[in-house]
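# A structural walkthrough
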4 protein chains.
Amino acid sequence: MRDDTIPKLIAELCRQFYGLGWVTGTGGGISIRGAEGIYMAPSGVQKERIVPEDVFLLEAGDFSCCRVVRAPANPSLRVSECQPLFFNAYRLRDAGAVIHSHSVWAVLAARMFAPHGHRGAFVSEGLEMQKGLRGKGCFDRVRIPIIANTPREAELTESMADAMQTHPDVDAVLVAGHGVYVWGIDWVQAKTQAECLDYLFRAVVESDRLALTRAEGAER
Amino acid sequence: MRDDTIPKLIAELCRQFYGLGWVTGTGGGISIRGAEGIYMAPSGVQKERIVPEDVFLLEAGDFSCCRVVRAPANPSLRVSECQPLFFNAYRLRDAGAVIHSHSVWAVLAARMFAPHGHRGAFVSEGLEMQKGLRGKGCFDRVRIPIIANTPREAELTESMADAMQTHPDVDAVLVAGHGVYVWGIDWVQAKTQAECLDYLFRAVVESDRLALTRAEGAER
Amino acid sequence: MRDDTIPKLIAELCRQFYGLGWVTGTGGGISIRGAEGIYMAPSGVQKERIVPEDVFLLEAGDFSCCRVVRAPANPSLRVSECQPLFFNAYRLRDAGAVIHSHSVWAVLAARMFAPHGHRGAFVSEGLEMQKGLRGKGCFDRVRIPIIANTPREAELTESMADAMQTHPDVDAVLVAGHGVYVWGIDWVQAKTQAECLDYLFRAVVESDRLALTRAEGAER
Amino acid sequence: MRDDTIPKLIAELCRQFYGLGWVTGTGGGISIRGAEGIYMAPSGVQKERIVPEDVFLLEAGDFSCCRVVRAPANPSLRVSECQPLFFNAYRLRDAGAVIHSHSVWAVLAARMFAPHGHRGAFVSEGLEMQKGLRGKGCFDRVRIPIIANTPREAELTESMADAMQTHPDVDAVLVAGHGVYVWGIDWVQAKTQAECLDYLFRAVVESDRLALTRAEGAER
């Protein structure tokens, strides 16, 4: 993928994610690694209206800090507050892309498995869409770590890194009351995993609501 | 923002809000303040089919009355019945834009916190999307006032103004069985807050439906 | 409205209604009266793919029978099976347009108020969107008749006509397990009423699911 | 239908099915039979981004094996893992097209009727949309077989064939935790049946959630 196509792709994916309900109210975001550095959508803007010129290019050499290589012409745009969290995935997992979604299904799934907003893990079993997750089959027990939210996004950096290290088999971290971070070796795998997880969150939450008593006991 | 772009933006936002389920059945509306006055979508029309020529321009000098500066060529169009409610936000809060949504999530949220249709307040806590609201953080307790509905929209003017004065920290008023009014310093903040609130209404309503008993007691 | 614009409008509305979930699986339909007769979408076709050339023109002189004035070039297309039901609205109410939706909200609403699939009435109260219905205010008690379904659509003709005569104040009839017929003096009023009713069906069904116990007793 | 239009149609339907939530996360797929052989979407790709050049053409002479007549230029594309399941419908039912959907409604419906993930049958009764299914009326009792999922899709081949043989009256098989396979004599019938089934799955699941106690006992 040529670097000059990445800002346009980021704008296009932001519009698509807005349609999915992942980035409404200026929430959420996306970042893609190119040959020249890390491309990142700006903070606090309407995601369905981003244009390629709004995208930041950040240095990829040292993930302990944030150096802007190329800023948007619009001086009011700031680097996403998620930047250190996106960098966690680049630094600890050598990711090629990271998606941050505020999907209501992520929030409901976190609430279901960590009702008091503390740590926990979302659990999914027996669903075919688990196959879209790296190394998982439909009969595996998938556990996605849930971390507690913090007043500022940057303060999540350490607990997200901890959760990543204790769950090396998955490429996502849920944040209670907030959303989910998902990454992959490239934007396609990051997006595929983000879609599969959103589906799993929804399927598990909606299953929980089914009045299964009538069906329990006797398979028809 | 140049005034001559506002009618086109209003038409575009009406189509977008129709897609979000906020303005179906000719309900809901939007108004934006420009240098020349107050722009307002017409009443009782199909919002997804509005064209820039349908937008009214009203005088902004005196918010106690409604003076039309420029009316649409189509003589059957009337100023929105919400006009005095939109003017509340211009008059009391110096708003730059106001959105009125009939989203079913607003109605369900109001019903949940004011089941008999009287006054009350919607409460949200611990949700990241609260950050999209002026001055709020994710650990604040957000309270959005709920007022009782009235037979005609204009009759809401006073109770909406009262609710605005007793809740100066938020930029929205819910109307039981009806919807929500949301404003901001400009159309971007009004839309961002409207999207965040719609998300909070949905997240709180859907959380209420979760069978949390299984998860309660033990964080996994 | 010029007659030569009606087939294009029907095709456009069919695509829009498909997006709303009203006419999937070739179900549902729409008919508009013009100066030259009654325009009607064909039966059993993919509604989101209809082109203006697929629309039938039927004689409006005698609503006791169905005479084709102009048939589509495609000989495999048939007049909608709903034709006698659409004609009920033209004949008994002098309608200008009729919409037939298979929306799942219509089916759930009918099920909620007539759980055994017999006759009954859907009831809505205290919802602002009732104002989109002819002659109704938000504090009225809106009753939409529900009739039992029949093996063939044409067999509904008489019971639909009966329900229309016993409920002269509303412009819609629900059919249990099936959907809803909605009409109006023109296509705009028919569509507005169809959107408002779909909203009311959903709002009442979703309210029913809320666990209101927590909120009951004390308005906050 | 000319063969050279089929790859374009497949790409178009994939985008439409993505919008319906049937093929997110690279899941699901579609295959259409032409004069020259069997056209099939590739495996594990983003379905809303497929272009006609990505579509495989497979030999239709012998359904016991998979011979590629024409492969996409892109060498990383593989034939769908669903290929033997699609071939079941071509071989046993002389289908003209097969759709595989991962719709969450299919998964919830299967869970409702086979809560332990074993064999069973989804049951629908009294719904008009049953008429969109081959040979069914709205008062029939429709039974769609549910089979247990397997670690690899190809391993479903035999149990799917068994279910097809014991349920010759329907053109679909549900797979627990996975989705549904639906076919028809051509792509239009396959799509119509897939849409009707998705509607039935949803209507039955959502009906199950209604608190019908209030309405039970007395038809209003």
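Owing to the predicted nature of the structure, the values given are computational and were not obtained by experimental measurement.

### Examining the relation of the copies chain D and chain A
- The two copies are related by a screw motion: chain D maps onto chain A through a turn of 90° and a shift of 0.0 Å along the axis, at an RMSD of 0.0 Å. A rotation of that kind, with that shift, is consistent with a four-fold axis. For chain D, the smallest separation between a C-alpha atom and the rotation axis is recorded for Arg209(D), amounting to 5.3 Å.
- Taken as a fraction of all interface residues of chain D, those also at the interface in chain A reach only 3%, which identifies the copy contact as different-surface.

### Observations concerning the pattern of salt bridges
- Counted according to the given criterion, the structure contains 68 salt bridges over all chains.
- Put simply, Arg202(A), Glu206(A), Arg209(A), Arg202(B), Glu206(B), Arg209(B), Arg202(C), Glu206(C), Arg209(C), Arg202(D), Glu206(D) and Arg209(D) are held in one network by salt bridges that share partners.

### Thoughts on the interface of chain D and chain A
- With 35 residues of chain D in contact, the opposing surface of chain A contributes 33 residues.
- Interface area, chain D with chain A, both sides summed: about 2,900 Å², of which 50% is carbon and sulfur.
- The interface formed by chain D and chain A holds three salt bridges in total.
- The partner of Arg209(D) in a salt bridge is Glu206(A), with the nearest N and O atoms 2.4 Å apart.
- Inspection of the region where chain D meets chain A yields 15 residue pairs in polar contact (both at pLDDT 80 or more).
- Those elements that provide at least two residues to the side of chain D that touches chain A are helix 3 (104-113), strand 6 (120-125) and helix 5 (187-209) of chain D.
- The element contributing the most residues to the side of chain D that touches chain A is helix 3 of chain D, with seven residues.
- Of the residues contributing to the side of chain D that touches chain A, the split by class is 12 nonpolar, 14 polar and nine charged.

### A few points about the interface of chain A and chain B
- Facing the 35 residues of chain A at the interface are 33 residues of chain B.
- The interface formed by chain A and chain B includes three salt bridges.
- Among the salt bridges present, the one from Arg49(A) reaches Glu12(B), with a minimum N-O distance of 3.1 Å.
- One can count 15 residue pairs in polar contact (both at pLDDT 80 or more) joining chain A with chain B.
- At the level of secondary structure, the elements contributing two or more residues to the side of chain A that touches chain B comprise helix 3 (104-113), strand 6 (120-125) and helix 5 (187-209) of chain A.
- For the side of chain A that touches chain B, the element with the most residues is helix 3 of chain A, which contributes seven residues.
- Across the side of chain A that touches chain B, the residue classes break down as 12 nonpolar, 14 polar and nine charged.

### Section: the layout of surface pockets
- Taken as a whole, the second largest pocket encloses approximately 990 Å³ of empty space.
- Thr26(C), Ser43(C), Gly44(C), Val45(C) and Arg78(C) are the residues nearest the centre of the second largest pocket, which is lined by 37 residues in total.
- Among the elements that line the lining of the second largest pocket, the one with the most residues is helix 5 of chain D, at four residues.
- The class makeup of the residues in the lining of the second largest pocket is nine nonpolar, 17 polar and 11 charged.

### Quick look at the sheet that holds strand 4 (residues 68-70) of chain B
All names here are of chain B.
- The strand order 4-3-2-1-5-9-8-7-6 describes an open sheet built from nine strands, whose pairing is mixed. Lying at the two open borders of the sheet, with one neighbouring strand each, are strand 4 and strand 6 (120-125). Direction aside, neighbouring strands of the sheet carry axes that sit 25° apart on average.
- Where strand 3 (residues 56-58) and strand 4 come together, two bridges link them in antiparallel fashion. Counterpart to Leu57 in the pairing with strand 4 is Arg70.
- Contacting strand 1 (29-33), strand 2 (38-40) and strand 5 (97-101), helix 1 (residues 6-19) runs over the sheet at an angle of about 150° to strand 1.
- Most of the contacts of helix 5 (residues 187-209) go to strand 9 (residues 179-184), to which it runs at about 145°, and overall it touches strand 1, strand 5, strand 6, strand 7 (141-147), strand 8 (172-175) and strand 9.

### Digging into the sheet that holds strand 6 of chain A
Residues and elements named next belong to chain A.
- Sheet architecture is open: nine strands sit in the order 4-3-2-1-5-9-8-7-6, paired in mixed fashion. Pairing within the sheet leaves two strands with one partner each, and these edge strands are strand 4 (68-70) and strand 6. Put simply, the sheet's adjacent strands are angled 25° from each other on average, direction ignored.
- Two elements, strand 1 (residues 29-33) and strand 2 (residues 38-40), share three bridges in a ladder whose sense is antiparallel. Paired with Ser31 across the bridge in strand 2 is Met40.
- Along the sheet, helix 3 makes contact with strand 6, strand 7 (141-147), strand 8 (172-175) and strand 9 (179-184), crossing strand 6 at roughly 105°.
- The strands that helix 5 touches are strand 1, strand 5 (97-101), strand 6, strand 7, strand 8 and strand 9; relative to strand 9, the one it contacts most, it runs at about 145°.

### Let's talk about the packing of helix 1 (residues 6-20) of chain C against helix 5 (residues 187-209) of chain C
All names here are of chain C.
- Two elements in contact, helix 1 and helix 5, have axes whose closest approach is 13 Å; the angle formed by their N-to-C orientations is 5°. Considering their axes alone, helix 1 and helix 5 lie roughly parallel with respect to each other. Each of Leu9, Leu13, Gln16, Phe17 and Leu20 in helix 1 lies in contact with helix 5, whose residues at this interface are Trp187, Lys191 and Glu195.
- Residue classes in the contact of helix 1 with helix 5 are distributed as five nonpolar, one polar and two charged.

### Focus: the nonpolar core
- Judged by nonpolar contacts, the single largest core of 318 residues is most densely connected at Phe122(A), Phe122(B), Phe122(C) and Phe122(D).
- Once residues within four sequence positions are removed from consideration, Phe122(A) is found in contact with Ala109(A), Phe113(A), Val142(A), Arg143(A), Ile144(A), Ile146(A), Leu174(A), Leu200(A), Phe201(A) and Val204(A).

### Remarks on the side chain of Asp198(D)
Residue and element names in this part refer to chain D.
- Structurally, Asp198 is set in helix 5.
- Among buried Asp, Glu, Lys and Arg side chains, Asp198 stands out as unpaired, with Arg202 the closest opposite charge at 7.4 Å.
- Polar contacts involving the side chain of Asp198 include one to the side chain of Ser103, which spans 2.7 Å.
- Sequence-distant contacts of Asp198, that is, excluding residues within four places in its chain, are made with Trp22, Ser103 and Trp105.

### A word on unusual backbone geometry
- In the Ramachandran plot, Asp94(B) falls in the positive-phi region, its phi being about 55° despite a non-glycine side chain.
- Relative to the assigned elements, Asp94(B) resides in the loop between helix 2 (83-93) and strand 5.
- Although it is not a glycine, Thr26(C) adopts a positive phi angle of roughly 70°.
- Position of Thr26(C) relative to the elements: it lies in the loop between helix 1 and strand 1 (29-33).

Thresholds, definitions, all that
- Residues numbered from 1 in each chain as written.
- Chains lettered and ligands numbered in written order.
- Predicted model: local features only at pLDDT ≥ 70, side-chain atom pairs only at ≥ 80, totals over all residues.
- Heavy atoms only, no water.
- Least-squares fit on C-alpha atoms with pLDDT ≥ 70 in both.
- Contact = heavy atoms within 4.5 Å.
- Salt bridge = Lys/Arg side-chain N within 4 Å of Asp/Glu carboxyl O.
- Buried area = accessible area lost by both parts, 1.4 Å probe.
- Polar contact = N/O pair within 3.5 Å; in protein donor to acceptor, adjacent residues only side chain to side chain.
- Helix = DSSP H or I, 4+ residues; strand = E, 2+ residues; numbered from the N terminus.
- Nonpolar A, V, L, I, M, F, W, Y, C, P; charged D, E, K, R; others polar.
- 1 Å grid on protein atoms, 1.4 Å probe; cavity = no way out; pocket = protein on both sides within 12 Å on 5 of 7 lines; lining within 4 Å.
- Points joined across faces, edges and corners; volume = space filled by probe spheres on them.
- Pairing = 2+ DSSP bridges.
- Axes fitted to C-alpha atoms, helices over the stretch in contact; angles between N-to-C directions.
- Parallel < 35°, antiparallel > 145°, perpendicular 65-115°, else oblique.
- Core = buried A, V, L, I, M, F, W, Y, C linked by side-chain atoms within 4.5 Å.
- Buried < 20%, exposed > 50% of the residue type's maximum accessible area, 1.4 Å probe, protein only.
- Lys, Arg positive; Asp, Glu negative; His and termini not counted.

What is shown is where atoms sit, not what they do.
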